[in-house]
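# Examining the three-dimensional arrangement
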Protein chains: 2
Amino acid sequence: MPVKLNFKHLDLQLAHPWAIARTSGTNTAKVVVVELIAADGTVGLGEAAPVARYKESPKTVEAFLKKVDARGLTFSDVEGSMAYLETISKHDMSAKCALNLALLDGAAKKAKKPAYDLLGLGFREKQHVTSFTIGIDKPEVIRSKVQEAEPYPVLKMKVGVPDDKANLAALREVAPNKLIRVDANEGWKTKEQALEMIEWLAQDGHVQYIEQPLPASASAKDWVWLKQRSPLPIFADESYHSAEDIEEVAECFHGVNVKLVKTGGVSGGFAALQAARKAGLKTMIGCMIETSVLISAAAQLAELCDYMDVDGHVLITNDPYVGVTVKNGLVSFAEAREPFGLRVCLRS
Amino acid sequence: MPVKLNFKHLDLQLAHPWAIARTSGTNTAKVVVVELIAADGTVGLGEAAPVARYKESPKTVEAFLKKVDARGLTFSDVEGSMAYLETISKHDMSAKCALNLALLDGAAKKAKKPAYDLLGLGFREKQHVTSFTIGIDKPEVIRSKVQEAEPYPVLKMKVGVPDDKANLAALREVAPNKLIRVDANEGWKTKEQALEMIEWLAQDGHVQYIEQPLPASASAKDWVWLKQRSPLPIFADESYHSAEDIEEVAECFHGVNVKLVKTGGVSGGFAALQAARKAGLKTMIGCMIETSVLISAAAQLAELCDYMDVDGHVLITNDPYVGVTVKNGLVSFAEAREPFGLRVCLRS
């Protein structure tokens, strides 16, 4: 049974301006929400958070969606529908992600199951902890953000700029012993610089791991050099797109950060996490600035993750959707009003 | 290198009188702490929390310890030392537990590693959530205990008495939507009564699973009957002692509650959890009323557990030791002063 495809652009308002190593501050994030509607009225919801790093934008997402013949998509064959999308473009992962989410949402709603049960994973309510991310900012702003994040047991700190040391010092003034994860977003340029910074971070004593210390373009030789010497586990983010990358990544990293916008959705995310687990790597699932649609989709895979970073919907003030929540850092579907699919619906 | 063996009796003071289905209220719990001291001064700490259900008492623990020739124990061969203890008695699991903990503590201290690293498991700091247990009591006391337990995201409620319904109603007055796990401690006598009570519990909508609804002496046929019909997962506690029981338990239950006092320590607990995981069962680790020695030992196995119930040291007011802590339900070694072994030491 084919479906009808709608989409709309959304401007997400950020509670605080947001910056990471490779971008300056921004006040909004743009996403595209898609709806697949079957003839029986079943609606599948999905979301694309386009990634500038991969030359994606709301425009490229729209262009991809306009190429899709909705007759090629059906809730009764998610895999076949994804194979059809693959014939349209080898790239456009965030657009394919949106459609994969909507397909899975519809398929699970038709089966009258949460998607995590359809996938055979289950979900342990309030047994998963997410970090809360502190973007790059002035030390005084970091202090106040860390104060606001007091209920979160674990923070994720963005680094990779000249002020890293002042920024960590600001965080430590407010939260001297809080666990942190550090994300360099490819911010350090040589393996020697990365090692020096990781050695400095390790002295803090409360850093769990460091994400993507070098550009994804760094050679495997450089990564192996760094992996052998790093006093902290190093996780691949920009270096790990999908399960296909696992062989090289397993050699170069201790863990991976899987994101649905990189894997083209939950189906690809499942495969990327499973591949990493089989290779003996630690796993985490991450996010972009995004609504409860994408975050609820990521939470479906919680049982495959050692760590979670699913706070993208907490950073915005105008989330139109309600699904998974993260009170005190605990991931929960207790407030979700939709029992099936991705367990997300309009807040209305 | 043989060791010297010391032990002492401890009376643990309870913050509130404590009752479960098969015992009336008590204000103290009696444990025995053991120390193994090597010639080089390395001290291994262990603890026995004797289980009346298995005809154990501080006296039976002492009697067992007095039979032990400490020359048969060495930090350099935990397995061989345990094999020697097995020749003394097939029972006395809590006494053997105390010595297993002390042996492992000493072995890991000598290796300059936390025991969880010596076991190859690691420990994800503040990524594990423990429940907080509400014992059987009058409804007004239950209300105030549940209020006190506000920071805990998950509660464990003891049932198996005529007042179960009034007691759950009291809990729900204070915490209408909080997740709970229910422990019947063999309190229901027939499979029909158990099913009726579990169906009633399932209507609550926020119960995760039910432990030991029937006596361990119930037939496999009765358990299978109940497993097929139960709307909630049923976990074996009194029915699961060690890995040797796994075949029958996998047929009869959805999950297991492993306790170190039943498995004879961390080594046996590791095996019991692994056997359950391989059989496709859900796993939890539980505890008695006990000090931070036994609780820190249980926490070493966190990575093998789907659920944790390690609040035994929170329920007492005179814990002489400091190791693992459970702030807001999150299991953490951040406040432990001992970096190696079970990561527990005298509070002093």
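Preceding this paragraph is the structure being described.
Residues numbered from 1 in each chain as written. Chains lettered and ligands numbered in written order. Predicted model: local features only at pLDDT ≥ 70, side-chain atom pairs only at ≥ 80, totals over all residues. Heavy atoms only, no water.

## Describing the sheet that holds strand S8 (residues 234–236) of chain B
The strands that make up a sheet are held in pairs by hydrogen bonds between backbone atoms, and each pair lies either parallel or antiparallel. Residues and elements named next belong to chain B. Put simply, the rule reads: By this definition, two strands are paired if DSSP reports at least two bridges between them. Helix and strand labels come from DSSP, where a helix needs a run of H or I of at least four residues and a strand needs a run of E of at least two; each type is numbered from the N terminus.
Read from one edge to the other, the open sheet built from eight strands follows the order S4-S5-S6-S7-S8-S9-S10-S11, with strand pairing classed as parallel. At either margin of the open sheet sits one strand with a lone partner, and together these are strand S4 (132–134) and strand S11 (307–308). One ladder, built from two bridges, connects strand S7 (residues 207–211) with S8; its direction is parallel. Its bridge partner being in S8, Ile210 is matched across the sheet by Ile234.

## Description of the interface of chain B and chain A
Defined as follows: What makes two residues a contact is simply this: any of their non-hydrogen atoms within 4.5 Å. Two parts placed together each lose some accessible area under a 1.4 Å probe, and adding up what both lose gives the buried area. The working definition used for a salt bridge is a side-chain nitrogen of Lys or Arg within 4 Å of a carboxyl oxygen of Asp or Glu. Polar contacts, as used here, are pairs of N or O atoms within 3.5 Å; protein pairs need one atom able to donate a hydrogen and one able to accept it. Residues neighboring in sequence count only if both atoms are side-chain atoms. Residues were grouped as follows: Ala, Val, Leu, Ile, Met, Phe, Trp, Tyr, Cys and Pro as nonpolar; Asp, Glu, Lys and Arg as charged; and all remaining residues, including Gly, as polar.
Residue-level contacts link 14 residues of chain B with 14 residues of chain A. For the pair chain B and chain A, the two sides together bury roughly 1,400 Å², of which 52% comes from carbon and sulfur. By the criterion of area lost to chain A, the three top residues of chain B are Arg124, Lys126 and Gln127 of chain B, representing 37% of everything that side buries. On the surface where chain B and chain A come into contact, there are zero salt bridges. Taken together, chain B and chain A are joined by four residue pairs in polar contact (both at pLDDT 80 or more). Classifying every residue of the side of chain B that touches chain A gives seven nonpolar, two polar and five charged.

## Notes on the pairing of strand S10 (residues 282–285) of chain A
Side-chain positions along a regular strand alternate between the two faces of the sheet. Residue and element names in this part refer to chain A. Relative to S10, strand S9 (residues 255–258) runs parallel, the two being bridged by four bridges. Paired with Val258 across the bridge in S10 is Ile285. By the bridge criterion, two bridges tie S10 to strand S11 (residues 307–308) in an arrangement that is parallel. The residue bridging Ile285 from the neighbouring strand is Met308, located in S11.

## A short note on the packing of helix H1 (residues 58–67) of chain B against helix H3 (residues 93–110) of chain B
Residue and element names in this part refer to chain B. Heads up, the condition is: Inter-axis angles, ranging from 0 to 180 degrees, are taken between N-to-C directions of lines fitted to C-alpha atoms, where helices are fitted over the stretch in contact. Angle categories are assigned with fixed cut-offs, so that under 35 degrees is roughly parallel, over 145 is roughly antiparallel, 65 to 115 is roughly perpendicular, and the rest are oblique. Two helices crossing with the near one rotated counterclockwise from the far one by less than a right angle form a left-handed crossing, whereas a clockwise rotation gives a right-handed crossing.
Remark: H1 packs on H3, axes separated minimally by 8 Å, with the N-to-C direction vectors making an angle of 55°. If you check the angle between H1 and H3, you find them oblique. Classified by chirality, the crossing of H3 by H1 is right-handed. Taking contact as the criterion, the partners of Val61, Phe64 and Leu65 in H1 are, on H3, Ser94, Ala95, Lys96 and Leu99. Considering only residue class, the contact of H1 with H3 consists of five nonpolar, one polar and one charged.

## A look at the packing of aromatic side chains
The line we're drawing: Whether two aromatic rings pair depends on their centres lying within 6.5 Å, for rings of Phe, Tyr and Trp, where Trp uses its six-membered ring; planes under 30 degrees apart make the pair stacked, over 60 edge-to-face, and the rest tilted. Relative accessibility thresholds used throughout: buried, under 20% of the residue-type maximum; exposed, over 50%; partly exposed, between the two (1.4 Å probe, protein chains only). Note on criteria: charge over ring means Lys NZ or Arg CZ within 6 Å of the ring centre, with the direction from the centre no more than 35 degrees off the ring normal.
On inspection of all chains with the given rule, the structure shows 16 aromatic pairs over all chains. Taking 5.6 Å as the distance between ring centres and 45° as the angle between the ring planes, the aromatic pair formed by Tyr116 of chain B and Phe333 of chain B counts as tilted. With a gap of 217 residues between them, Tyr116 of chain B in helix H4 (residues 115–118) and Phe333 of chain B in the loop between strand S14 (330–332) and strand S15 (345–346) connect regions that are remote in the sequence. Under the relative-accessibility criterion, Tyr116 of chain B is labelled buried at 8%. With a centroid separation of 4.8 Å and an interplanar angle of 35°, the aromatic rings of Phe132 of chain B and Tyr152 of chain B are classed as tilted. Linking Phe132 of chain B in strand S4 with Tyr152 of chain B in the loop between helix H5 (139–148) and strand S5 (154–158), this pair joins segments that are 20 residues apart in sequence. Each of the two residues, Phe132 of chain B as well as Tyr152 of chain B, counts as buried. Among the aromatic residues, those joined into a cluster by ring pairs are Tyr116, Phe123 and Phe333 of chain A. The side chain of Lys191 of chain A reaches across the aromatic face of Trp225 of chain A, ending 5.1 Å from its centre.

## Quick word on the relation of the copies chain B and chain A
Here is the rule: Least-squares superposition aligns the copies on the C-alpha atoms of those residues with pLDDT at or above 70 in both.
Its rotation angle being 180°, the transformation that places chain B on chain A also includes 0.0 Å of axial translation and leaves an RMSD of 0.0 Å. The superposition operator between the copies reduces to a two-fold rotation axis. When the interface residues of chain B are mapped onto chain A, 100% of them are again interface residues, pointing to one common binding face.

## What to know about the sheet that holds S11 of chain A
Residues and elements named next belong to chain A. One open sheet holds the eight strands; their spatial order is S4-S5-S6-S7-S8-S9-S10-S11, and the pairing between them is parallel. Both edges of this open sheet fall to strand S4 (132–134) and S11, since each of them pairs with a single strand only. Inspection of the sheet shows S4 paired to strand S5 (residues 154–158) by three bridges, in the parallel sense. Of the residues in S5, the one forming a bridge with Phe132 is Leu155.

## Quick look at the pattern of salt bridges
A side chain of one charge can pair with a side chain of the opposite charge if their charged atoms are brought near each other. In total, this model carries 36 salt bridges over all chains according to the counting rule given. Residue Glu86 of chain A pairs with Lys96 of chain A through a salt bridge whose shortest N-O separation is 3.1 Å. You can see Glu86 of chain A sitting in helix H2 (residues 78–88) and its partner Lys96 of chain A sitting in helix H3 (residues 93–110), a full 10 residues away along the chain. A relative accessible area of 31% means that Glu86 of chain A is categorised as partly exposed. For Arg53 of chain B, the salt bridge identified is with Glu186 of chain B, shortest N-O distance 2.6 Å. Residue Arg53 of chain B is found in the loop between strand S3 (43–48) and H1, and its partner Glu186 of chain B is found in the loop between strand S6 (179–183) and helix H7 (191–204); the two are separated by 133 residues along the sequence. Assessed through its relative accessible area of 9%, Glu186 of chain B is described here as buried. Taken together, the shared-partner salt bridges in this structure form one network comprising Lys156, Lys158, Asp183, Glu211 and Asp309 of chain A.

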